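Descriptive analysis of the structure
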Amino acid sequence: MSKKYDVAILGGGVVGLTLALLLARDRLRIALVTPARPTAPASPDIRAYALNLAARQLLESLRVWPENADGSGPSPVTPVTRMWVSDASANAALTFDASEAGTDTLNWIVDVPALEDRLAQAVRYQGGIEWLPERPAAALTVICEGKRSVSREAFGFHYDSKPYPHTAIAARLQCERPHGGVARQWFRGDEILALLPMGGASGHEVALVWSVPHPRAHELLAMPPAALAQGVEQACDQALGAMTLQGQPAGWPLELSRADRWVKSGVALAGDAAHAMHPLAGQGLNVGLGDVAELAKVLHQREYWRELGDLKLLRRYERARQADFAQMALVTDGLFGLFSAPDSRIQALRGWGLRGFDRLQPIKRWAMRQAMGGA
């Protein structure tokens, strides 16, 4: 006789693992469905994400915030105390400082493998969560498999996608000079380059996210490591001195995507399976974690007579999260269009706007609070 589960979660990434731990607190029987338990990748995992205060508080509530308890080795979490944004075409720059927001940290750059390891360890110690290779029968199925989810298609969800003419290149770099806890971003014509501080507050390592046109991406990814590192140095005006590539770079096509519906009776989408956006604002994982936090809250607060897969119940989650994603998608899509525009008049207007925004402290503080998760 097959075992009965309350919730089947498809996908074992950060979003899926977090949801499993959230639901386990309500003593629900969880099936975490992945083809196999996570194993160490053949090459070093270079993923890094910017997490805001809301995401940190969520992960801390589950006791999975990935900090070295003994302080040994490079820190998997690096606080960002300052953000610096440059528009080379308009000869303008904008700075966000944590002190202007009345805090000591704007957000945190987190090493994804370290976070996934902490989440997986926590799951293994949760008696109510079971790893399974195939989807079992459950009152509710939540799809957290990412943008290319096969299950989403099998359940009949339509995924609208607007491809950008860009590829994102990700890499890790060791720098001659310390990053100083500053996240740096350059808008250079039709390219957007970001260097995210890694390895702790005094570290010399950065995570690169470089959005470039597809042909340019093919060229960069085919370069020898030293040549690619030199290309980054030139693109960022040697802001951190000489650089050395660490590990193998990766690239993926960028898009603005959204499922037409995020719920059906007995089924819900979360994270990249429901939506995807340009990484220029660094909010992708924050939005995904917001999804599972809201879904867990809706299920926890449900009327005693409602089933977990009740469509009216799940629509409460859908309405709340679609509105939040729509707002963030509008911002990222608008910024991409604005900063990639080649028209010199638009570039001049951008420069005027950046310089004016940099002087308007109340608006800057509001913008920083929004990026920090409404703190």
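Please read these numbers as outputs of a predicted model, since none were measured by experiment.

Taking strand neighbours across the sheet as the criterion, the 6 strands line up as β8-β2-β1-β9-β16-β15 in an open arrangement whose pairing is mixed. The strands lining the two open edges of the sheet, one partner per strand, are β8 (129–132) and β15 (263–264). By the bridge criterion, 4 bridges tie strand β2 (residues 30–33) to β8 in an arrangement that is parallel. Each residue of the ladder has a partner; that of isoleucine 30, found in β8, is isoleucine 129.

Okay, the side chain of aspartate 6 next. In this fold, aspartate 6 is placed in strand β1 (residues 5–10). Taking the relative accessible area as the measure of exposure, aspartate 6 reaches 13% and is therefore buried. In this structure the side chain of aspartate 6 is engaged in a polar contact, spanning 2.7 Å, whose partner is the backbone nitrogen of arginine 29. Residue contacts for aspartate 6: discarding those within four places in its chain leaves Leu28, Arg29, Ala138, Ala139, Leu140 and Leu308.

Right, let's talk about the sheet that holds strand β7 (residues 107–111) for a bit. On the basis of which strands lie adjacent, the open sheet formed by 3 strands has the order β3-β7-β4 and antiparallel pairing. Unpaired on one side and paired on the other, β3 (48–51) and β4 (77–80) mark the two borders of the sheet. On average, each strand axis in the sheet is tilted by 25° relative to the strand beside it, whichever way the strands run. Sitting on the sheet, helix α3 (residues 112–124) touches β3 and β7, and the angle it makes with β7 is about 80°.

So, about the environment of valine 64. Tracing the backbone shows valine 64 in the loop between α2 (53–61) and β4. Residue valine 64 is classed as buried on the basis of its relative accessible area of 1%. Through-space distance from the C-alpha of valine 64 to that of alanine 120 is 9.3 Å; in sequence the pair is 56 residues apart. Dropping the residues within four chain positions of it, valine 64 is found in contact with Leu21, Leu59, Leu115, Arg118, Leu119 and Ala122.

One can describe the packing of helix α1 (residues 14–24) onto helix α7 (residues 284–300) by two numbers: an axis separation of 9 Å at closest approach and a directional angle of 25°. Our classification of the angle between α1 and α7 gives roughly parallel. When the axes of α1 and α7 are compared, the crossing they make is right-handed. Contacts from Val14, Val15, Thr18, Leu19, Leu22 and Leu23 of α1 reach α7 at Leu285, Gly288, Leu289, Val292, Ala293, Leu295, Ala296 and Leu299. The residue makeup of the contact of α1 with α7, split by class, is 12 nonpolar, 2 polar and no charged.

Quick look at α1 now. Within α1, 11 of the 11 residues are buried, leaving the element largely enclosed by the surrounding structure. Taken together, the buried positions of α1 are Val14, Val15, Gly16, Leu17, Thr18, Leu19, Ala20, Leu21, Leu22, Leu23 and Ala24.

In this section: the packing of aromatic side chains. The final tally for this structure, using the stated rule, is 3 aromatic pairs. Ring geometry for tryptophan 65 against tryptophan 108: centres 6.1 Å apart, planes inclined by 85°, an arrangement best described as edge-to-face. Separated by 43 residues along the polypeptide, tryptophan 65 in the loop between α2 and β4 and tryptophan 108 in strand β7 bring together distant segments of the chain. In terms of burial, tryptophan 65 and tryptophan 108 fall into one category: buried. Here the basic side chain of arginine 152 rests over the ring of tyrosine 159, its NZ or CZ set 3.6 Å away from the ring centre. The ring of phenylalanine 157 is capped by lysine 264, whose NZ or CZ atom sits 4.9 Å from the centre of that ring.

Burial along β2 is two-sided: Ile30 and Leu32 facing one way and Ala31 and Val33 facing the other are all buried. Here β1 runs beside β2; their pairing, made up of 4 bridges, is parallel. Residue pairing for β2: alanine 8 is matched across the bridge by alanine 31. The parallel pair β1 and β2 is bridged by α1, and the resulting crossover is right-handed.

What follows concerns the confidence of the model for the protein. Scored by pLDDT, the protein comes out at a mean of 85, with 81% of its residues at no less than 70. Looking at the elements of the protein, mean pLDDT is at its lowest for helix α9 (residues 344–359), recorded as 46, and at its highest for strand β16 (residues 267–269), recorded as 98. Every residue in residues 345–364 is under pLDDT 50, and counting partners more than four places away or in other chains gives 36 contacts.

It is worth spelling out unusual backbone geometry at this point. What you tend to see is this: most non-glycine residues have negative phi, and most peptide bonds are trans. Positioned with a positive phi, arginine 63 is a non-glycine residue whose angle comes to about 60°. Relative to the assigned elements, arginine 63 resides in the loop between α2 and β4. For aspartate 237, which is not glycine, the phi dihedral falls at a positive 55°. By the element assignment, aspartate 237 lies in the loop between α6 (225–235) and β14 (243–259).

Parameters at a glance
Residues numbered from 1 in each chain as written. Predicted model: local features only at pLDDT ≥ 70, side-chain atom pairs only at ≥ 80, totals over all residues. Heavy atoms only, no water. Pairing = 2+ DSSP bridges. Helix = DSSP H or I, 4+ residues; strand = E, 2+ residues; numbered from the N terminus. Buried < 20%, exposed > 50% of the residue type's maximum accessible area, 1.4 Å probe, protein only. Polar contact = N/O pair within 3.5 Å; in protein donor to acceptor, adjacent residues only side chain to side chain. Contact = heavy atoms within 4.5 Å. Axes fitted to C-alpha atoms, helices over the stretch in contact; angles between N-to-C directions. Parallel < 35°, antiparallel > 145°, perpendicular 65-115°, else oblique. Left-handed = near helix turned anticlockwise from the far one by under 90°. Nonpolar A, V, L, I, M, F, W, Y, C, P; charged D, E, K, R; others polar. Phe/Tyr/Trp six-rings, centres within 6.5 Å; stacked < 30°, edge-to-face > 60°. Lys NZ or Arg CZ within 6 Å of the ring centre and 35° of its normal. Right-handed = clockwise from strand over helix to strand, strands pointing away. pLDDT = per-residue confidence, 0-100.

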